[in-house]
Amino acid sequence: MLEIKNLTATAGGVEILRGITLTVNAGEVHAIMGPNGSGKSTLAQVLAGHPAYEVTGGSVTYKGQDLLDMEPEERAQAGVFLAFQYPVEIPGVTNAYFLRAAYNAKRKAQGLEELDPMDFLDLLEEKLKLVEWGPEIMSRAVNAGFSGGEKKRNEILQMAVLEPSLAILDETDSGLDIDALKIVADGVNALRRPDSATIVVTHYQRLLNHIVPDQVHVLAGGRIVRSGGKELALELEERGYEWLTEAAGAVA
Amino acid sequence: MTATGTPVAPAPRAVEPGWVAQLRREGAARFEGLRLPTTREEDWRFTDLSPIARAELGPARAPGGLTEADLAPFLFGHAEWPRLVFANGRLQPALSRLAGLPAGARVGSLAELLLDAPELVEDTLGKLAVQPAAAALVGQNASAFIDGYAVVLPAGTVVDTPIHVLFVADGRALRGAVFPRNVVVLGANAVASVVESYVALAEGVALTNTVTEANLAAGARFDHCKIQRESVQSFHLATLEVRQERDSYLNSFSFAQGAALSRTNIYTTLAGPGAHATLYGLYLGEGRQHVDHQTRIEHAAPNCTSWEVYKGILDGHAHGVFNGKVYVHPVAQKTDGKQTNKNLLLSETAKVDTKPQLEIFADDVKCTHGATVGSLDAVPLFYCQSRGIPAAEAQTLLTYAFAADVLEEIRSRPVVDHLEDLMREWLMKAGQRGSGSAGKATS
Ligand SMILES: Nc1ncnc2c1ncn2[C@@H]1O[C@H](COP(=O)(O)OP(=O)(O)OP(=O)(O)O)[C@@H](O)[C@H]1O
Ligand SMILES: [Mg+2]
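Residues numbered from 1 in each chain as written. Chains lettered and ligands numbered in written order. Predicted model: local features only at pLDDT ≥ 70, side-chain atom pairs only at ≥ 80, totals over all residues. Heavy atoms only, no water.

A look at the overall build of chain B
Definition in use: Helix numbers and strand numbers start at the N terminus; a helix is a DSSP run of H or I with at least 4 residues, a strand a run of E with at least 2. Within these notes, the globule rule equals 2.2 Å times the number of residues to the 0.38 power, and the radius of gyration is based on C-alpha atoms. Three labels apply to residues, based on accessible area from a 1.4 Å probe with only protein chains included: buried if under 20% of the type maximum, exposed if over 50%, partly exposed otherwise in between.
What chain B contains, in helices and strands, is eight helices and 21 strands. In terms of overall dimensions, chain B is globule-like: its C-alpha atoms have a radius of gyration of 21 Å, near the 22 Å expected for 443 residues. Seen along its three principal axes, the alpha-carbon backbone of chain B occupies a region of about 70 × 55 × 45 Å. For chain B, with 443 residues in total, the buried portion stands at 60%.

Next comes the structure, spelled out in structure tokens:
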């Protein structure tokens, strides 16, 4: 599904990713953990095609295609979805309009007919159930004035509508209360398919109780310094990152 | 024509009263003395009217035979809305209709009113449009106007549907000038809404220099919306000057899309306590269009509020100008005023001069102002793209979102819908021109 090889990237001339290698197969869940500023969001944004980051080396292959050669919208249409750590507010554009535009863009790319507003509302109704939301949210402007938790939930709603093959969740659990965390985690699990994969970036083992990872990676200083099974997350919870970053520093 | 009767042409035997003749003489003299303003004058610094003088335009010729079909692209709202049509400055009775107005309402041709009931507008016509910045334009208009609309409502009269006044220029207006003159007199607690549309049936050089004076008695409410869609080669000069008594409310909207060079003056004086004014505007410019708005809100009484939001979207080599002044007199304690001008540049060659100004001579007031000029934010653009929305479409969406909220301030839904359509059409063309900033946005 996704093959990242020796990926390096800079922002504003500063090297942030220093050689990431990671393979994610269909059906898998990978967790990425690591200290603040280690490059987790950068990796996620680079995969989504954020123009602020310059890829300086390495390759990313997604479903056999060169992901780095695709425009951000092409990546999305091909099934890559990034749930932002900081979802963006778009005043003046309703959630309903935004979701339909996104949904239809994907349909169009697949050569399918666009859905009219009525049919789309039916589809939305189903998706709203998944995040346990009423229809009121649809007439509000995208994320504008949403609470932190509502923004995260809205990301999952978008994900539900777009049904991605590769979902990258960047700290979607941060800022969620206990109930919301469960709703979001259940939502993510419900959207999993044998032919889809998920990357969850998180600081907390708690989320991984709900979304159980096949592999856990620790990112530090722009590199993966440790990979392991789900028990690695528990170990990190107990020991912190220092023992790993020190080891990595010694290598670097 | 009158509110209740069928449209009739003005009776030929009558003549204008002496005070109107004098107004015309004074106007002519003022225009002779001042000529068109130059960029050496502070109020006209960014707007050069010399192309108008150079064009040497004579009076517009009478129109050819206009039909309902000619108007179709410019109509909106409901069929039963009162409608007045002027072509090349002349009333078109056959295309106008004023059924359903309440008794006592006097809505129709100003020229006609000046013949049979001039006293109704004597305190307003020529008395309100006095701002020095527009003196030459207003003078020229007074000297040359043929007609325009008059809305005179007695106290308590409510006209709850918008009155749509169309000023149409056909091919016979080319190389000519039209001077509409309009008067609105609202008695205490009267309510009126007027939409002025300036539209062209033919492309070419022409001038519109229009003046509207509105006198709002205590508690009156006036919604005024000007839709400017003149030929992109033409000149459009417009002045609205309003006087507001106690607790009256002016809601003004200026939509500017046409003309090579346009200047809209909107001036209001909050003369009685508790008066409230909201001034909104949206201007769209492309090519080499020059679009200028000057507003002036005089707080001349205590406890008045004013709220102003103007937005501009400029593409190509267009030049936008916004000059807004809020002037708070010493007596105007407890003034609450807020003024905002936001501009979105879709190209690197478009530009804006914006100058929101506060002049405050009272000490207990709450006034703020601000202006922004910028291109589309890269972050929301990427967010849209990351959801699969193509860059060009995302740009159109975000540009639309930038401006759409200000349109919502118009009270009549059909007018809002119409302007939304115009804006969407404009944005689509901007997208096709490809001069937009898609892909060029930086963070
Ligand atoms: N656009 C940018 N321009 C300059 N520096 C950037 C940019 N984006 C990220 N960085 C820097 O790169 C480093 C990695 O940031 P990143 O957001 O990827 O960290 P993270 O691992 O997601 O951290 P957190 O756990 O706090 O979310 C930080 O030092 C950050 O300041
Ligand atoms: Mg992060």
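What follows picks up the thread again.
Digging into the overall build of chain A
Let me state the cut-off plainly: Contacts are assigned to residue pairs with any non-hydrogen atoms lying within 4.5 Å of each other.
Scanning chain A from N- to C-terminus turns up nine helices and twelve strands. For chain A, the C-alpha radius of gyration of 18 Å lies close to 18 Å, the compact-globule estimate for 252 residues. On the principal axes, the C-alpha backbone points of chain A span a range of 60 × 40 × 35 Å. The contacts in chain A between residues at least 6 apart in sequence include a share of 68% that link residues at least 24 apart.

Details of the sheet that holds strand β2 (residues 14-24) of chain A
Residues and elements named next belong to chain A. Let me state the cut-off plainly: Should DSSP find at least two bridges between two strands, the strands are taken to pair. Axes here refer to lines fitted to C-alpha atoms; in helices the fit is confined to the stretch in contact. Angles between the N-to-C directions go from 0 to 180 degrees.
Taken together, the four strands give an open sheet; going across it, the order is β2-β1-β4-β5, and neighbouring strands pair in antiparallel fashion. For this open sheet the edge positions go to β2 and β5 (65-66), each flanked by a neighbour on one side alone. The sheet contacts of helix α1 (residues 40-48) involve β1 (2-11), β2 and β4 (53-62), and relative to β1 the element is tilted by about 105°.

So, the confidence of the model for chain B
Residues and elements named next belong to chain B. To keep it simple, the criterion reads: Confidence of the prediction at every residue is given by pLDDT, a number between 0 and 100.
Residues with a pLDDT of 70 or more make up 95% of chain B, whose mean pLDDT is 93. Low pLDDT, under 50, characterises residues 1-7; the stretch is placed with 21 contacts to residues that sit more than four places away or in other chains. Segment residues 435-443 is flagged for pLDDT under 50; beyond a separation of four residues in sequence, or across chains, it makes 21 contacts in the model. For this predicted complex, the interface confidence reaches an ipTM of 0.95, while the overall pTM sits at 0.88.

With respect to the coordination of the magnesium ion (ligand 2)
Residues and elements named next belong to chain A. Basically, it comes down to this: Metal coordination here is assigned from N, O and S atoms located within 2.8 Å of the ion, or within 3.2 Å for Na, K and Ca; omission of water means that sites may look incomplete.
Note on the magnesium ion (ligand 2): its protein donors are Ser41 (OG) and Gln85 (OE1). The metal-donor distances range over 2.0 to 2.1 Å. Linking serine 41 in helix α1 with glutamine 85 in the loop between β6 (80-83) and β7 (90-94), this pair joins segments that are 44 residues apart in sequence. For serine 41, a relative accessible area of 21% translates into the label partly exposed. Classification of glutamine 85 by relative accessible area gives buried; the value is 17%.

Comments concerning the sheet that holds strand β3 (residues 29-33) of chain A
Residue and element names in this part refer to chain A. Read across the sheet, six strands follow the order β6-β9-β10-β3-β11-β12 without closing on themselves; strand pairing throughout is mixed. The open sheet is flanked by β6 and β12 (223-228), the only strands paired with a single partner. For this sheet, the mean inter-axis angle between neighbouring strands, taken without regard to orientation, is 20°. Relative to strand β11 (residues 215-220), β3 runs parallel, the two being bridged by four bridges. Within the sheet, the bridge partner assigned to alanine 31 lies in β11 and is valine 216. Against the sheet, helix α5 (residues 148-162) contacts β6 and β9 (166-170), and its axis sits at roughly 170° relative to β6. Sitting on the sheet, helix α8 (residues 231-239) is in contact with β3, β11 and β12, with an inclination near 45° to β11.

Some points on the side chain of histidine 319 of chain B
Residue and element names in this part refer to chain B. For clarity, the cut-off: A 3.5 Å cut-off defines polar contacts: any pair of N or O atoms within that distance qualifies, except that in protein one atom must be a possible hydrogen donor and the other a possible acceptor, and neighbouring residues in sequence count only when both atoms are side-chain atoms.
Structurally, histidine 319 can be placed in strand β18 (residues 319-328). Of the polar contacts made by the side chain of histidine 319, one reaches the side chain of aspartate 353; its length is 2.7 Å. Those residues in contact with histidine 319, other than ones at most four positions away along the chain, are Phe46, Gln289, His290, Val291, Leu314, Lys351, Val352 and Asp353.

So, helix α7 (residues 391-407) of chain B
Just so we agree on the cut-off: How far a helix is expected to stretch is found by multiplying one less than its residue total by 1.5 Å. The term bend refers to the angle at a residue between two fitted axes, each drawn through seven residues, those ending there and those starting there.
End to end, α7 of chain B covers 25 Å across 17 residues, agreeing with the expected 24 Å (1.5 Å per residue, within 8%). A bend of about 30° at alanine 401 of chain B is the largest found in α7 of chain B.

Comments concerning the site of ligand 1
All names here are of chain A. Here is the rule: A molecule or strand has a residue near it when one of that residue's heavy atoms lies within 4 Å. Every accessible area reported is derived by Shrake-Rupley at a probe size of 1.4 Å, with residue values counting cover from the shown protein chains alone. For this classification, Asp, Glu, Lys and Arg are treated as charged, while Ala, Val, Leu, Ile, Met, Phe, Trp, Tyr, Cys and Pro are nonpolar and the rest, including Gly, are polar.
Not every one of the 14 residues close to ligand 1 is listed here, only the nearest: Gly37, Lys40, Ser41, Thr42 and Tyr53. Between ligand 1 and serine 38, the relevant distance is 3.2 Å, taken from an oxygen atom to a main-chain nitrogen or oxygen of the residue. Interatomic distance of 3.2 Å between a side-chain N/O atom of glutamate 171 and an oxygen atom of ligand 1. Notes on ligand 1: free accessible area 630 Å², of which the protein chains cover 62%. Sorting elements by how many residues they give to the shell around ligand 1 places α1 first, with three residues. Considering only residue class, the shell around ligand 1 consists of four nonpolar, eight polar and two charged.

Notes on empty space enclosed by the protein
Residues and elements named next belong to chain B. Definition in use: Using a 1 Å grid laid over the protein atoms alone, points where a 1.4 Å probe fits but cannot get out form a cavity; open sets with protein on both sides within 12 Å along at least 5 of 7 lines form a pocket; any residue with an atom within 4 Å of a point counts as lining. Grid points are joined across faces, edges and corners, and a volume is the space filled by probe spheres set on the points.
Applying the stated criterion across every chain, the model contains seven cavities of 30 Å³ or more. Its volume calculated, the largest cavity comes out at about 80 Å³. Phe86, Asn88, Gly89, Phe167, Val168, Ala169, Val178, Pro180, Tyr198, Val199, Thr208 and Glu230 together form the lining of the largest cavity. Those elements giving two or more residues to the lining of the largest cavity turn out to be β6 (163-169) and β9 (191-200). For the lining of the largest cavity, the element with the highest residue contribution is β6, accounting for three residues. Each residue belonging to the lining of the largest cavity can be placed in one class, and the counts come to eight nonpolar, three polar and one charged.

Quick notes on the pairing of strand β13 (residues 249-256) of chain B
Residue and element names in this part refer to chain B. In terms of burial, β13 is a largely internal element, eight of the eight residues being buried. Residues of β13 alternate between two faces, with Tyr249, Asn251, Phe253 and Phe255 on one and Leu250, Ser252, Ser254 and Ala256 on the opposite face, all of them buried. Here β13 pairs with strand β15 (residues 276-285) via eight bridges, running parallel. Looking across to β15, one finds that serine 254 is bridged to glycine 281.

A few points about the interface of chain B and chain A
The line we're drawing: Buried area: the sum, over both parts, of the accessible surface (1.4 Å probe) that disappears when the two are put together. What makes a salt bridge here is a side-chain nitrogen of Lys or Arg within 4 Å of a carboxyl oxygen of Asp or Glu, nothing more.
Chain B puts 17 residues into the contact, and the matching count from chain A is 31 residues. With both sides pooled, the region where chain B packs onto chain A buries about 1,800 Å², and carbon together with sulfur makes up 71% of that total. Taken as a group, Phe382, Tyr383 and Arg387 of chain B account for 43% of the area that chain B buries against chain A, more than any other trio of residues on that side. Counting every contact that joins chain B to chain A gives one salt bridge. Between glutamate 155 of chain A and arginine 387 of chain B there is a salt bridge whose closest N-O contact spans 2.7 Å. On inspection of chain B and its partner chain A, the count reaches nine residue pairs in polar contact (both at pLDDT 80 or more). Every element with two or more residues in the side of chain B that touches chain A is listed here: α6 (378-386) and α7 of chain B.

Here we look at the packing of aromatic side chains
Note the threshold: Only centres within 6.5 Å qualify two rings of Phe, Tyr or Trp (six-membered ring in Trp) as a pair; their planes then separate them into stacked at under 30 degrees, edge-to-face at over 60, and tilted for everything else.
What the rule picks out here adds up to ten aromatic pairs over all chains. Relative to tyrosine 383 of chain B, the ring of phenylalanine 84 of chain A lies with its centre 4.9 Å away and its plane at 85°, an arrangement referred to as edge-to-face. Of the two residues, phenylalanine 84 of chain A is situated in the loop between β6 and β7 and tyrosine 383 of chain B in helix α6; the pairing between them involves two chains. Pair check on accessibility: phenylalanine 84 of chain A and tyrosine 383 of chain B agree, each one buried. With 5.4 Å between their ring centres and 45° between their planes, tyrosine 327 of chain B and phenylalanine 361 of chain B make a pair best called tilted. Here tyrosine 327 of chain B, found in strand β18, pairs with phenylalanine 361 of chain B, found in the loop between β20 (351-360) and β21 (366-374); they are 34 residues apart in sequence, far enough to count as distant.

Description of the pattern of salt bridges
Summed over the entire model, instances satisfying the criterion amount to 29 salt bridges over all chains. In this structure, lysine 151 of chain A engages glutamate 89 of chain A in a salt bridge whose closest nitrogen and oxygen atoms are separated by 2.9 Å. You can see lysine 151 of chain A sitting in helix α5 and its partner glutamate 89 of chain A sitting in the loop between β6 and β7, a full 62 residues away along the chain. On the basis of relative accessible area, lysine 151 of chain A is assigned to the buried category, the value being 16%. In this structure glutamate 89 of chain A comes out as partly exposed when scored by relative accessible area, which is 36%. Measuring nitrogen to oxygen at the nearest pair gives 3.2 Å for the salt bridge that ties glutamate 42 of chain B to arginine 45 of chain B. In this structure glutamate 42 of chain B comes out as partly exposed when scored by relative accessible area, which is 45%. Among the ionic contacts, a cluster of salt bridges with common partners joins Glu408, Arg413, Asp417 and Glu420 of chain B.

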